[in-house]
Amino acid sequence: MSQQNPIRQSLDARLSGLQPSAARRARIREAIRTCEQKGEPLMKKKLSAGLLLSILLLLILGGVALAAGLNAFDHFGRRDARYSQVASKAAPAQTADAQLNDPILGQVSARFDSAYYDGLTLSAAIVIEHAAWIERYTPTAAELAQMEKLGDSPFGMAALDDETRAIMQEWQAAIESGTSYGWRSVSVYPSDHVTTDDGTDVPPTSASDDLGENGEYMEMRDFESPLPAELRNLDQITLNCALYYHDTVYYFDGHNFYRSSVARQNVGTIRAVVQRDPGMLRRFTGSAELNGVPTTLTAEVSPLAAVLTLNGTGTLADLMPALAGADADTWLELSLSDEAGRTYLPRDGFGPDAALPLTFSLDGSGALPESLTARLTVLSEGTDDSAAPSVEIALTVIQ
């Protein structure tokens, strides 16, 4: 069965303050996914706002087995080295699993497999066994009479296994030939909301999913960095995630499309208590005079992410003359590199009118640096990035 990540929270909201064009933003996001990666890049699903998935289809066959003693951070670390660097530290202090005995799925088991928290960043891996089922299905006349008639064809599924691929091909062929066809999916999937015990929402930014050797659903979920103030630098953080159940049928009678969906919410909750690792966070500072304006940079860096704040007064155009009078297709981008040549890739950029102070979020390198160099670059749509105006500022560890 194919898989789709259940989170629909908007990663693009992180880009809402950017001035570059949509095409340029796409180039930035693509560079973040691929630049400086060794081997096959890990494709992270962007989180889009507002709606839960109508169905979640998962592979039953395939996947890569974890060796004994390894956790999901080791698994996802095969494609993103940051996770493997903290895998040995990624283990909840205690967990509460969820069990569901379903007549179609069988014995469903869900848990937080592992999690990592350093006070700045938080990532957690969820594993669900026997999570989904897909089959060809023809509703009875009584069932069809109760189904919702759709105005347009429902979306198709991305198929990663032979069974789902065959069903989707048959579905498309039936639509093209005007013959009847139907299929059904049943799934249990995690909520897009993770909360602490006091109900504080832990905002997600992205998720990567995969399958284990027995078809278990595996998800690595990254949360906002820096974390909200109330979740920063706690001794431990509790994570609670509800599970949802969907049973959905799609049917085409040769002319019209129909759908029925029966959802049972809150069929269980998984819980984990994660201890903070205080030794995995390092702070840096540096200063410079930009366009005659004193400016200070401060950074917090963990193996998974970095956050840099550009302090000062006024707007970016006051600091970088190349931004003065620039149009909406010109913006400031920040990147970091360390003493070992590791690059910290930016997640955002800001236009000329952005007011100081500004906070930039970057992906980590998997290691803690000893020193950093920040590069501020003025980029424009359609120009050669190598010739873009830029300035470098050295940052040193705060003792």
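Structure's up top.
Quick summary incoming for the structure in this document.

The rules behind each value
- Throughout this description, residue numbers start from 1 for each chain and increase along the sequence as written.
- Local features in a predicted model are, by the rule used here, given only for residues with pLDDT of at least 70; side-chain atom pairs are given and counted only at 80 or more, and totals for whole chains, interfaces and linings are based on all residues.
- Note: side-chain values were computed over all heavy atoms of the structure, leaving out hydrogens and water.
- Elements are defined by DSSP. Helices are runs of H or I of four residues or more, strands are runs of E of two residues or more, and each kind is numbered from the N terminus.
- With a 1.4 Å probe rolled over the protein chains alone, any residue whose accessible area is under 20% of its type maximum counts as buried; one over 50% counts as exposed, and the rest are partly exposed.
- Between two residues, a contact is recorded if the distance between any of their heavy atoms is within 4.5 Å.
- Surface exposure here means Shrake-Rupley accessible area, sampled with a 1.4 Å probe, where a residue is shielded only by the protein chains that are shown.
- Pairing of aromatic rings covers Phe, Tyr and the six-membered ring of Trp, with a centre-to-centre limit of 6.5 Å; geometry is then stacked below 30 degrees between planes, edge-to-face above 60, and tilted otherwise.
- Whether a charge sits over a ring comes down to the Lys NZ or Arg CZ being within 6 Å of the ring centre and within 35 degrees of the ring normal.

**Examining the overall build of the chain**
A count of helical and extended segments in the chain gives six helices and 22 strands. Put simply, the chain has 399 residues, and 50% of those count as buried. The contacts of the chain with a sequence gap of at least 6 include a subset with a gap of at least 24, amounting to 72%. On the chain, roughly 17300 Å² of surface is accessible, and the fraction owed to carbon and sulfur atoms is 48%.

**Re the environment of Phe350**
The topology assignment puts Phe350 in strand E19 (residues 349–350). In this structure Phe350 comes out as buried when scored by relative accessible area, which is 17%. For the pair formed by Phe350 and Phe360, sequence separation is ten residues and the distance between their alpha carbons is 9.0 Å.

**As for the packing of aromatic side chains**
Per the stated rule, a full pass over the model turns up eight aromatic pairs. Plain terms: the ring middles of Tyr189 and Tyr244 are 6.0 Å apart, the flat faces sit at 25° to each other, and that makes the pair stacked. Placement of the pair is Tyr189 in strand E8 (residues 181–195) and Tyr244 in strand E12 (residues 236–252), with a sequence separation of 55 residues. On the accessibility criterion, Tyr244 (15% relative accessible area) is buried. An aromatic cluster is present here, built from Trp171, Tyr181, Trp183, Tyr250, Phe252 and Phe257 joined pairwise through their rings. The positively charged end of Arg82 is found above the aromatic ring belonging to Tyr83, 5.2 Å away from the centroid. Here Arg184 stacks its cationic end above the ring of Tyr137, 5.4 Å away from the centre of that ring.

**Looking at unusual backbone geometry**
Each neighbour pair has its own omega, and for Ser225 with Pro226 the value is 0°, a cis peptide bond. Following Leu356, the chain continues to Pro357 via a peptide bond in cis, the omega torsion being -5°. The topology assignment puts Pro357 in the loop between E19 and strand E20 (358–363). Backbone geometry at His130 places phi at a positive 60°, although glycine is not the residue there. Looking at the secondary structure, you find His130 in the loop between strand E5 (122–129) and strand E6 (132–136). Its identity is not glycine, yet Asn233 carries a phi of approximately 55°, on the positive side.

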